[in-house]
Amino acid sequence: MLHASWLYEGFWMVILIILINPFMSNPTYSQSNNSMEKDSLSKILDHARTAFVNVQTAKYYVRLHKSKVEGGSTIRNGNVFLSRDTVGNPLGWEIRFEADNGMIYCYTGQNVRILDPKSQRIILVDDLQEAAEMIRGNVIAEIFFNVLTDTAKWENIFTLSSNISFEKDQQVDEHICRVVRIEYPDTELFSHLFTHLFINPNNFFVYQKIDHATFNGVNLIDTLLFSEIETDEPLKPNAFILDKPNGYTEQRISKTMPKEKSLPIGSQAPEWSLLNQQGDRISSEKLKGKILLLDFWYSTCGPCLKSMPVIQRIHEKYKDQGVIVIGMNSREKKTSNAINFMKNYNYTYMLGLEADNVANAFFIDSYPTTYVIDAEGKVLYKEIGFDDSTEEKINNIINNALKNN
């Protein structure tokens, strides 16, 4: 299932979800017709791809920036500790991330513990699969699973790229790095897609990765910067154990103990009121008696954009049967972004603007999240993310609701 979990956003998910053929034709290597230049470029990429393959432990400092313009705010930075673990560990690593803001994430292959100093609590996910999905689906996943540590990321580069070339060497911290530019073909939503990799020719580690794209006339730039990289050095004892400090509470999340904040199936949905794209006031009270599909989304959420054709088809199928589909737009800097996006791609279902308060009332922490509400205002269905079965599941829920209405 594709999903944008906690804090998850960023355009690069759209690039990842179009990976349908890992054996596409090889990219063109350019900048020089000289075969030695091509060989050099091919070799440095091959060495960089395999540089981390045999590393058993690693420590590095990382800065992660996700922004719509250069110089954007830092999303996360801090120290990463990794220990390779291939026995029963879905992710292949034990992980500890000590963020500069005081948050600590520990993943052992069996569970995730997250220390949140602001709320003074430890969040525990003790189901193996859920723990792995939480780490993989989090926006900070790039901190652990990137071109420094994960050879699968290199397969993405080779299969998606249309052209690869050298640019002028640059200094990153104290290292003179070879700069490789990887270009990608335009997609339906994004243009001017390219990546810069800054590779240290002494150890072939990537010290910086910058992704560029243009969406709706806006430049999107994501930056990963690595420093203080140490490999195969002993880590501190109990590096991946996170004890509960005095005064902290523990919130346990698992299949056997549901989330503390959620809307269970059959519960009464919260009341809400907001404006639509025509400037009209819409509300749960005004729509009482209708079956509602509420899709929580924002315009730079890759999985959200990928799911919207499904939402549109559901709208077209049921629009004359007392079913109202509403795109609940939140986390949007400008309402015009959402309105223009809907217009540009001919999505005709209703748009709920500035729905952040509604998202909070529905306990939305992942995007997209879809709710189906019956005519009496009770929750029939909730799904985080979407996959190939989502449309059929929602259709079945709505069909049953129409029969019982």
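So, how was this worked out
Residues numbered from 1 in each chain as written. Predicted model: local features only at pLDDT ≥ 70, side-chain atom pairs only at ≥ 80, totals over all residues. Heavy atoms only, no water. Buried < 20%, exposed > 50% of the residue type's maximum accessible area, 1.4 Å probe, protein only. Helix = DSSP H or I, 4+ residues; strand = E, 2+ residues; numbered from the N terminus. Pairing = 2+ DSSP bridges. Expected span 1.5 Å × (residues − 1). Contact = heavy atoms within 4.5 Å. Disulfide = S-S within 2.5 Å. Polar contact = N/O pair within 3.5 Å; in protein donor to acceptor, adjacent residues only side chain to side chain. Axes fitted to C-alpha atoms, helices over the stretch in contact; angles between N-to-C directions. Patch = residues over 30% accessible without salt bridge, like charges linked within 9 Å, V, L, I, M, F, W, Y side chains within 5 Å. Areas by Shrake-Rupley, 256 points an atom, 1.4 Å probe, with all protein chains shown as cover. Salt bridge = Lys/Arg side-chain N within 4 Å of Asp/Glu carboxyl O. Lys, Arg positive; Asp, Glu negative; His and termini not counted. Charge placed at Lys NZ, Arg CZ, Asp CG, Glu CD. pLDDT = per-residue confidence, 0-100. Core = buried A, V, L, I, M, F, W, Y, C linked by side-chain atoms within 4.5 Å.

With that settled, the discussion passes to the pairing of strand β7 (residues 121-125). On a regular strand, each side chain points to the face opposite its neighbour's, so the side chains alternate between the two faces of the sheet. The buried count for β7 comes to four of five residues, which makes it a mostly enclosed element. By the bridge criterion, five bridges tie strand β6 (residues 112-116) to β7 in an arrangement that is antiparallel. Across the sheet, D116 pairs through a bridge with R121, a residue of β7. In textbook terms, the turn of a hairpin is the stretch between consecutive antiparallel strands, and for β6 and β7 this stretch comprises four residues, one of which, Q120, has a positive phi near 55°.

Another aspect to go through is helix α9 (residues 390-404). Helix length check: α9, at 15 residues, gives a terminal C-alpha distance of 21 Å against a target of 21 Å (1.5 Å per residue), a fit within 8%. As for α9, its buried residues are in contact with β16 (291-297), α6 (302-318), β17 (323-329), β19 (369-373) and β20 (379-384).

Another point: the state of the cysteines. For the structure on display, the rule yields one disulfide. One disulfide in the model links C301 with C304; its S-S distance is 2.3 Å. Residues C301 and C304 are joined by a disulfide whose S-S torsion is about 75°; by sign, that bridge is right-handed. Each member of the pair, C301 together with C304, is buried.

Here Q321 is to be found in the loop between α6 and β17. A residue is classified by how much of its surface remains accessible, and Q321, at 43% relative accessible area, is partly exposed. A C-alpha to C-alpha distance of 9.1 Å links Q321 and K290, two positions 31 residues apart in sequence. A distance of 3.1 Å separates the side chain of Q321 from the backbone oxygen of K317, its partner in a polar contact.

The subject of this paragraph is the environment of T231. Tracing the chain through its elements places T231 in strand β12 (residues 218-231). For the pair T231 and L82, spaced 149 residues apart in the sequence, the C-alpha separation amounts to 9.3 Å. If near-sequence neighbours (up to four positions away) are discounted, T231 is found in contact with F52, V55, T57, A58 and F205.

The next thing to look at is the sheet that holds β16. Reading across the sheet, the five strands line up as β18-β17-β16-β19-β20 and stay open at both edges, with mixed pairing between neighbours. The outermost strands of the open sheet, each flanked by one partner alone, are β18 (350-352) and β20. With direction set aside, neighbouring strand axes in the sheet form an average angle of 20°. Looking at chain direction, β16 and β17 are connected through seven bridges and run parallel. The residue bridging D295 from the neighbouring strand is G327, located in β17. Docked against the sheet, α6 engages β16 and β17, running at close to 165° with respect to β16. Sheet strands in contact with α9 are β16, β17, β19 and β20, and its direction is about 175° off that of β20.

So, about a negative patch on the surface. The grouping of D173, E174, E228, E230, D232 and E233 at the surface amounts to a negative patch. On the secondary structure map, E228 appears in strand β12. Assessed through its relative accessible area of 57%, E228 is described here as exposed.

In this section: the confidence of the model for the protein chain. Looking at the protein chain, pLDDT values average 83 and 85% of them are 70 or higher. Across the protein chain, the secondary-structure element scoring lowest on mean pLDDT is helix α1 (residues 12-16), at 39, and the one scoring highest is β17, at 97. Between residues 255-260, whose pLDDT stays under 50, and residues either more than four places distant or in other chains, the model counts seven contacts.

Our focus in this paragraph is the environment of P303. Checked against the element boundaries, P303 lands in helix α6. Under the relative-accessibility criterion, P303 is labelled buried at 0%. Between the C-alpha atoms of P303 and G385, which are 82 residues apart in sequence, the distance is 7.0 Å.

Attention now moves to the nonpolar core. Counting 70 residues, the largest nonpolar core has W154, W272, L294, F296 and F362 as the members making the most contacts within it. When sequence neighbours within four positions are dropped, the list of residues in contact with F296 reads C304, M328, V358, A359, F362, I364, Y367, P368, T369 and Y371. Judged by nonpolar contacts, the second largest core, of 43 residues, contains I114, I135, V172 and F226.

It is worth spelling out the pattern of salt bridges at this point. As enumerated under the stated definition, the model contains 11 salt bridges in all. E250 is the salt-bridge partner of R113, the closest N and O atoms lying 3.0 Å from each other. Placement of R113 in strand β6 and of E250 in strand β13 (residues 249-253) is noted, with a sequence separation of 137 residues between them. Judged by its relative accessible area of 40%, E250 falls in the partly exposed class. Through salt bridges with shared partners, a single network forms among D46, R49 and E155.

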